[in-house]
Amino acid sequence: MRLRSRLLTVLATTSLLLGAAPAVASAHPQSNATIMATCSYSGTHPTIRFGSSGSAVAHAQCLLRNFWGYSLTVDGGYGMATAEAVRNFQVRCSLDVDGAVGPQTWNALHPDTSPCDF
């Protein structure tokens, strides 16, 4: 628990030092049906990380923004803002914090399978 708290503090401090606005709004701003319609995606869920681009990245950004409340632009580019949101999400969901969206993070991002509730 102390490590998790320290990680959140480091992430928050880093955001403040970089002059970024808080990355998280209230969780679950829309219903599952609305999110799935908004973030519809029929491709595979490959592991994506900083520097990745494409529709899988846009899908992850859409879920982070529209279901989990992160302030992100859905542009299909996995940049610093997306990496920070993913790391923060992983901490909040008690996942391994690596900044990449692999199988466990994909599962947690999807509202119909997510073990996270915050």
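Residues numbered from 1 in each chain as written. Predicted model: local features only at pLDDT ≥ 70, side-chain atom pairs only at ≥ 80, totals over all residues. Heavy atoms only, no water.

Could you give an account of the overall build of the chain, naming the residues involved and the relevant values?
Along its length, the chain carries five helices and zero strands. N-terminal to C-terminal, the α/β element order of the chain is α-α-α-α-α. (Helix = DSSP H or I, 4+ residues; strand = E, 2+ residues; numbered from the N terminus.)

Lay out the nonpolar core in plain terms, naming residues and giving numbers.
Among the nonpolar cores identified, the biggest contains 24 residues, and Ile48, Leu64, Phe89 and Leu109 are the most heavily contacted of them. The set of elements that each furnish at least two residues to this core consists of helix H3 (55-66), helix H4 (80-92) and helix H5 (103-109). With six residues, the top contributor of residues to this core is H3. Leave out the neighbours within four places in its chain, and Ile48 touches Ala56, Val57, Ala60, Tyr78, Ala100, Val101 and Trp106. (Core = buried A, V, L, I, M, F, W, Y, C linked by side-chain atoms within 4.5 Å. Buried < 20%, exposed > 50% of the residue type's maximum accessible area, 1.4 Å probe, protein only. Contact = heavy atoms within 4.5 Å.)

Could you give an account of H3, with specific residues and numbers?
Relative to the 16 Å expected for twelve residues at 1.5 Å per residue, H3 spans 16 Å between its end C-alpha atoms, a close match to the ideal helical length. In terms of burial, H3 is a largely internal element, nine of the twelve residues being buried. Taken residue by residue, H3 has Ala56, Val57, His59, Ala60, Gln61, Cys62, Leu63, Leu64 and Asn66 as its buried positions. (Expected span 1.5 Å × (residues − 1).)

Break down the packing of aromatic side chains for me, citing the residues and quoting the values.
Scanning all chains against the criterion turns up two aromatic pairs. Ring geometry for Phe67 against Trp68: centres 4.8 Å apart, planes inclined by 80°, an arrangement best described as edge-to-face. For Phe67, a relative accessible area of 5% gives the class buried. (Phe/Tyr/Trp six-rings, centres within 6.5 Å; stacked < 30°, edge-to-face > 60°.)

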